[in-house]
Amino acid sequence: MCGIVGYIGTKKACPILLAGLSRLEYRGYDSAGISTIEKNGLSLMKDKGRVKNLSNLDGIDNLEGTIGIAHTRWATHGKPSKENSHPHQDNSQTFSVVHNGIIENYNEIRKFLTDSGYNFYSQTDTEVIPNLIHFYFSKDTVNDELKFLRAVKNACLDLKGSFAIEVISKLYPENMIVVRQDSPLVIGTCENEKYLSSDIPAILSYTRDFYLLNDLEFVVLTKNSAKFYDINLKLIKKETQNIEWNASSAEKDGYDDFMLKEIYEQPIAIRETIGSKISMDNKCEFDELPFTKEYLKSLNRIYIVACGTAMHAGLSGKNAIEKLCKIPVEVDIASEFRYRNPIIDKKTLCIFISQSGETADTIAALKLSKEKGAKTLAISNVIGSSITREADYCIYTHAGPEIAVASTKAYTSQVLLINILAIYFAEILENCETKYLNKLKNDILALPKKIEETLKCNDTIKDFSKKIYQEKDVFFLGRGIDETVAREASLKLKEISYIHSDSYPAGELKHGPIALIENGITVISILTDNNLVKKTVSNIQEVITRGAKTLVITNQELDKNMFDIVIDIPETNCFISPILSVIPLQLLAYYISKEKGLDVDKPRNLAKSVTVE
Ligand code: F6R
């Protein structure tokens, strides 16, 4: 949701900000804007549409300032328009602000400010922020060096909701103030320069040294200093963290789209996820986790909580933990979990999966679980993200930056990591045969090669996409672990190709959905579980009888003549088969979207990181 960037240094800010916005565009892309500190005050340029529109505005090349803030928007309050674009300024044009998040009490604040004589020119929640800062600034009679900071702090204390904000002022031409609460913001630092961004990849090409902010830590930046203050404006010490991701992983590297690149990065991503956690002679290693046999035995249940694709990865976690560890697992959608009064106590372990680590619903569910006394474990791809700092423990997928809105390599690495976690728990619990676990570990170590093998289906899938890209409905079927992949494949297809699709447990079809099957409709099935394959084939037979076109993804011996197209994938253990079986279906969604001429990486109405409720 919304991307913000900032720069303070010795170079012209504008080109750096525009480049940063382009990299952050996947977070929101309905309008963009920039404000810099110029000799004659604050510049302000903004427009509806993509960052490209902003770059083409007359006069933007004349901006000379070396301090600036910028924003690319995913509209929440107020339609996409120039007026609603950020940055927003106070009435006296003393302060420029960019904001990511939602101010829940903006109506009350707006009324208060209107009653105090302020005017509003947009429908956004954000416009209250610069005016509130101005309100506190003008009431403050102490003219010391903290006056600007006090005004920002006082304004922030009135705000309810989530925010990451950057503030500049024409009265403080050397400074920028930034703060966050439940919305992401990182500060990259190098000699005489500070780079700010909603996420790390957008500024990786400038630095690897980052300050990661906690909620309500206020930062006063100059080009060569960063001072951190707590809520009482006491100075606090903060160390930088070195981020190992390489800059080229945040570029397209010759691929047409980030999504295709990220699909093809899966052998490397999976290798990185395996890391040093698995070795054949030893037990799985998670140095960062303290779980004992007594603790794991004491658990009455585990919740896995996440949204969207991450929730689908959670479903394979349930399969592995229940089967290998014999602990009951419930998988919940975070936005439901947080409001359904779940039964949680000290004997509950709650696992939260989030690629970005910034998803508002997942963070709220995590906070609730902590309040109710559960231990919390985060699985994330983003080092230092909110969820990893909020949870008691955290483990990383190490899949590298994922830029495309549709998640691919993050999903497969989440599936893998939670399976390795299940093996780790099973080894501690000593309730599973070592031979069996070793076989599974062997299969995991073989995955990168098998993913490469699976990717060879690219051309067949591309051809098939040409046949079905004009369909209105597509159905996905599977049983057991394959049903979790059917869900993920269906989500992938709808989000980037805008084709309606549904997924069903294959056996459930005849209880209603089969009424939708008519001549020529496409039904895609996944069959990797030897114990269930015959049952699923019978269900596919039922749709063939009713005229369906069938694509089957399988690693089983089947009578292939039955189906229109069969994609053979390498054989592997059923626990981890989603990591292979999803790949042809990621490619299918991708090529259908391309065939329809859509923007694969930035599908309509979506944003990569959903930091609002
Ligand atoms: C789909 C997709 C979303 C995310 C969901 C959770 O391709 O990417 O469904 O999986 O918004 O995001 P994270 O994992 O960042 O919490």
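Worth saying up front: this structure is predicted, and the values here are computed from it rather than measured. (Residues numbered from 1 in each chain as written. Predicted model: local features only at pLDDT ≥ 70, side-chain atom pairs only at ≥ 80, totals over all residues. Heavy atoms only, no water.)

## A closer look at the overall build of the chain
Formally: The helix count covers DSSP runs of H or I at least four residues long, the strand count covers runs of E at least two residues long, and both are numbered beginning at the N terminus. Just to be clear, the radius of gyration here is over C-alpha atoms, and the globule rule we use is 2.2 Å times residues to the power 0.38. Between buried and exposed lies partly exposed: a residue is buried under 20% and exposed over 50% of the maximum accessible area for its type, with that area taken using a 1.4 Å probe on protein chains only. Contact between two residues is taken to exist if any of their heavy atoms lie within 4.5 Å; hydrogens are not considered. Per-residue and other accessible areas were derived by the Shrake-Rupley procedure at a 1.4 Å probe size, with only the shown protein chains allowed to occlude residues.
When helices and strands are counted, the chain shows 19 helices and 26 strands. Relative to the compact-globule value of 25 Å for 613 residues, the chain shows a C-alpha radius of gyration of 26 Å, a close match. A principal-axis box enclosing the C-alpha atoms of the chain has dimensions of 80 × 55 × 45 Å. Per-residue burial for the chain yields a buried fraction of 62% across its 613 residues. Contacts in the chain between residues at least 24 apart in sequence constitute 72% of all its contacts with a sequence separation of at least 6. Counting only carbon and sulfur atoms, one obtains 47% of the accessible surface of the chain, whose full area is about 23500 Å².

## What to know about the packing of helix α9 (residues 308–325) against helix α13 (residues 409–429)
So the rule is basically this: Lines are fitted to the C-alpha atoms to define the axes, a helix being fitted only along its stretch in contact, and any angle between axes, read from their N-to-C directions, falls within 0 to 180 degrees. If an angle is under 35 degrees, it is roughly parallel; if it is over 145, roughly antiparallel; if it lies from 65 to 115, roughly perpendicular; otherwise it is oblique. Left-handed describes a crossing in which the near helix is turned anticlockwise from the far one by less than a right angle; the clockwise case is right-handed. Residues are grouped as follows: nonpolar covers Ala, Val, Leu, Ile, Met, Phe, Trp, Tyr, Cys and Pro; charged covers Asp, Glu, Lys and Arg; every other residue, Gly included, is treated as polar.
Where α9 meets α13, the axes come as close as 8 Å, and the angle between the chain directions of the two elements is 20°. In terms of axis orientation, α9 runs roughly parallel to α13. Crossing handedness for the pair α9 and α13: right-handed. Contacts between α9 and α13 involve T309, A310, H312, A313, S316, G317, A320, I321, L324 and C325 from the former and Y411, Q414, V415, I418, N419, A422, I423, F425, A426 and L429 from the latter. Its residues placed into classes, the contact of α9 with α13 shows 14 nonpolar, six polar and no charged.

## Points about the sheet that holds strand β26 (residues 565–568)
The test is simple: Any two strands with at least two DSSP bridges between them are considered paired.
If you trace the five strands from one edge of the open sheet to the other, you get β23-β22-β24-β25-β26, paired in parallel fashion. Edge positions in the sheet fall to β23 (500–505) and β26, since each has one partner strand and no second. Each neighbouring strand pair of the sheet contributes to a mean axis angle of 15°, computed without reference to strand direction. In this structure, strand β25 (residues 549–554) lies alongside β26, joined through four bridges in parallel fashion. Of the residues in β26, the one forming a bridge with I553 is I567.

## Topic: the site of the ligand
Selection rule: Any residue with a heavy atom lying within 4 Å of a molecule or strand is counted as near it. Under this definition, polar contacts are N or O atom pairs within 3.5 Å; protein pairs additionally need one hydrogen-donor-capable and one acceptor-capable atom, and for neighbouring residues in sequence, both atoms have to be side-chain atoms. Domain limits in this description derive from either an automatic procedure or a database domain assignment.
With respect to spatial proximity, 14 residues lie near the ligand, and among them S354, Q355, S356, T359 and E495 are the closest. S407 is positioned such that a nitrogen or oxygen atom in its backbone is 2.8 Å from an oxygen atom of the ligand. A distance of 2.4 Å is found between an oxygen atom of the ligand and a side-chain nitrogen or oxygen belonging to E495. Protein chains bury 90% of the 400 Å² of accessible surface belonging to the ligand in isolation. Residue assignment for the shell around the ligand shows that the elements contributing at least two residues are α9 and α17 (481–497). Grouping the amino acids of the shell around the ligand by side-chain chemistry returns five nonpolar, seven polar and two charged. In terms of domain composition, the shell around the ligand takes at least three residues from each of domain 2 (252–445) and domain 3 (456–595).

## A short note on the packing of aromatic side chains
Heads up, the rule is: Aromatic rings from Phe, Tyr and Trp, taking only the six-membered ring of Trp, are treated as a pair when their centres fall within 6.5 Å; an angle between ring planes under 30 degrees marks them as stacked, one over 60 as edge-to-face, and anything in between as tilted.
Counting across every chain of the model gives 18 aromatic pairs. For the ring pair Y590 and Y591, a centre distance of 5.0 Å and an interplane angle of 75° mean the geometry is edge-to-face. Both residues of the pair, Y590 and Y591, belong to the buried class. One aromatic cluster in this structure is built from F286, F291, Y295, Y393, Y424 and F425.

No statement about biological role is implied by the geometric values presented.
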